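# Working through the structure, step by step
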Protein chains: 2
Amino acid sequence: MTSEVVLATNNVNKAREFREMFKPLGITIKTLKDFPNVESIAETGDSFEENAILKAQHLHNQTNLPVIADDSGLQVLSLNGAPGIYSARYAGDHDDDANNQKLLKELSNKTNRDAQFVTCLVLVTKDNSKIVVYGCLNGEIIDHSVGSNGFGYDPLFYVSSKGKTLAEMSDEEKNSISHRGKALNKLLNIIENNFLN
Amino acid sequence: MTSEVVLATNNVNKAREFREMFKPLGITIKTLKDFPNVESIAETGDSFEENAILKAQHLHNQTNLPVIADDSGLQVLSLNGAPGIYSARYAGDHDDDANNQKLLKELSNKTNRDAQFVTCLVLVTKDNSKIVVYGCLNGEIIDHSVGSNGFGYDPLFYVSSKGKTLAEMSDEEKNSISHRGKALNKLLNIIENNFLN
């Protein structure tokens, strides 16, 4: 039996990442593109978790299907956790280049470049049960972009254990270590016995 | 291997109900009585879910153990959902008799006696994942107490499919149909493969 889960995103990169991870479970991922009449909801939460729950619950209310929403972001230690929940709109809304340039500028006089990617992933099931998991990836922000895969801050995010940035990794390699990959694996462990009713 | 889960309650009736349900999974239930230094937290939420999460997260932060918290209550249709989150302190704080008397008084001139017991159950795992499930039981409020088992509004809550009130049922029979039993079963289904790390 094939189960369907709606992913609360229009981002094709994110959708690809999730499809790859859910394929082995026989779960088909739909996205907001499959529900053109669903209005978007403002991400007014104060945390990754609040935003992810807002998005998941809203879409579940409209579709009556199991929904997964995530909220992810970059937290930089010497910037007191910025850009955080504002990661996608730090300098310009979903403008990766502008966001990366602003990040480099803010860090220009900082010696500590420690950073963490965080994902909060929420599954709302058909019967309105809710599963909330987190995934984190530690790294450091280098001073210029390297690599052309991935999206967002990936070209600036250096993972020392791999000796390269996230943007230098294949989808498969990135999924195996990334914040989103870790959160997804936690979620997959929980729903493996098809807890989606 | 025996896993330990802390149940955020001092209520011996509730603890007994949970112990009975978790025993088959080899999970030992501890309660607040095992952690006398943990200060209680005010239930300031606006919903069963907010209160359950408040309690679970607080206790998890103090113990670093998996924690289950629930918030339950009675929602009466013709009272616009009252007593709701105030069920345990409707007339007097955890004074079952006073609460039951107030409920009967409020309903004295109402013909619609439909009611619903609701439980929201939250598990916070060691790694801070969160599972939120709901359980509901429909019934009606009769005009005098019947039965001596259970607690709270059980003697007034008549379940037509069983032909008796919750307070006339054994623990086993009540657990098999109750709001808390249903929520617990959902949760047990999810954690059966020992998702507690």
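Residues numbered from 1 in each chain as written. Chains lettered and ligands numbered in written order. Predicted model: local features only at pLDDT ≥ 70, side-chain atom pairs only at ≥ 80, totals over all residues. Heavy atoms only, no water.

Stated formally: UniProt positions are given in the numbering used here, feature names are shortened, and annotations may be inferred rather than shown by experiment.
Named according to an unreviewed UniProt entry, chain A is dITP/XTP pyrophosphatase originating from Apilactobacillus ozensis DSM 23829 = JCM 17196. Heading Subunit (unreviewed entry) of the UniProt record for chain A holds this comment: "Homodimer." Taken verbatim from the UniProt record of chain A, the Sequence similarities (unreviewed entry) comment is "Belongs to the HAM1 NTPase family."

### Points about the UniProt feature "active site" (unreviewed entry) in chain A
All names here are of chain A. To be explicit about the condition: Helix and strand definitions here come from DSSP, where helices need a minimum of 4 consecutive H or I residues and strands a minimum of 2 consecutive E residues; each element is numbered from the N-terminal end. Two residues form a contact once any of their heavy atoms are found within 4.5 Å. For this analysis, a polar contact is any N or O atom pair within 3.5 Å, provided that within protein one partner can donate a hydrogen and the other can accept it, and provided that sequence-adjacent residues contribute only side-chain to side-chain pairs.
The feature "active site" (unreviewed entry), as given by UniProt, occupies Asp 71 in the numbering adopted here. Among the secondary structure elements, Asp 71 is positioned in strand 3 (residues 67–76). Non-local contacts of Asp 71, meaning those with residues more than four positions away in its chain, are made with Glu 43, Ser 47, Phe 48, Asn 51, Ala 52, Lys 55, Ile 85, Val 118, Thr 119 and Cys 120. Here Lys 55 takes part through its side chain, which lies 3.2 Å from a polar atom of the side chain of Asp 71.

### A short note on the UniProt feature "binding site: Mg(2+)" (unreviewed entry) in chain A
All names here are of chain A. Just so we agree on the cut-off: Between buried and exposed lies partly exposed: a residue is buried under 20% and exposed over 50% of the maximum accessible area for its type, with that area taken using a 1.4 Å probe on protein chains only.
Mapped onto the present numbering, the UniProt feature "binding site: Mg(2+)" (unreviewed entry) falls on Asp 71. Under the relative-accessibility criterion, Asp 71 is labelled buried at 6%. Polar side-chain contacts of Asp 71 include one of 3.5 Å to the side chain of Asn 51.

### Examining the side chain of A:His58
Residue and element names in this part refer to chain A. Relative to the elements of secondary structure, His 58 occurs in helix 2 (residues 48–63). Residue classification places His 58 among the buried residues on the basis of a relative accessible area of 18%. Contacts of His 58, omitting those with residues within four sequence positions, involve Val 38, Glu 39, Ser 40 and Ile 41.

### Notes on the relation of the copies chain A and chain B
Quick note on the threshold: Copies overlap after least-squares fitting; the atoms used are the C-alpha atoms of residues with pLDDT of at least 70 in both.
By a simple turn and slide, chain A fits onto chain B: the slide is 0.0 Å along the axis, the RMSD is 0.0 Å, and the turn is 180°. On the angle and the small slide along the axis, the relation comes out as a two-fold axis. Nearest to the rotation axis, the C-alpha of A:Ile131 is located 2.2 Å from it, this being the minimum over chain A. The share of interface residues of chain A whose copies in chain B are also at the interface is 100%, consistent with both copies meeting through the same surface.

### Here we look at unusual backbone geometry
Looking along the chain, the bond that leaves A:Ala82 and enters A:Pro83 is cis, with omega of -5°. Summarising the element assignment, A:Pro83 is placed in the loop between strand 3 and helix 3 (96–106). Positive phi outside glycine occurs at B:Asn64, with the angle close to 60°. Along the polypeptide, B:Asn64 turns up in the loop between helix 2 (48–63) and strand 3 (67–76).

### A look at helix 2 of chain A
The line we're drawing: A helix is expected to span 1.5 Å multiplied by its residue count minus one.
Between its first and last C-alpha atoms helix 2 of chain A spans 23 Å; for 16 residues at 1.5 Å apiece the expected length is 22 Å, and the two agree. Within helix 2 of chain A the residues assigned to the buried category are A:Phe48, A:Glu49, A:Asn51, A:Ala52, A:Lys55, A:Ala56, A:Gln57, A:His58, A:Leu59, A:His60 and A:Thr63. On its buried side, helix 2 of chain A packs onto strand 1 (3–7), strand 3, strand 4 (114–124) and strand 5 (130–141) of chain A together with strand 5 (130–141) of chain B. Looking one or two residues beyond helix 2 of chain A, the residue adopting positive phi is A:Asn64, at roughly 60°.

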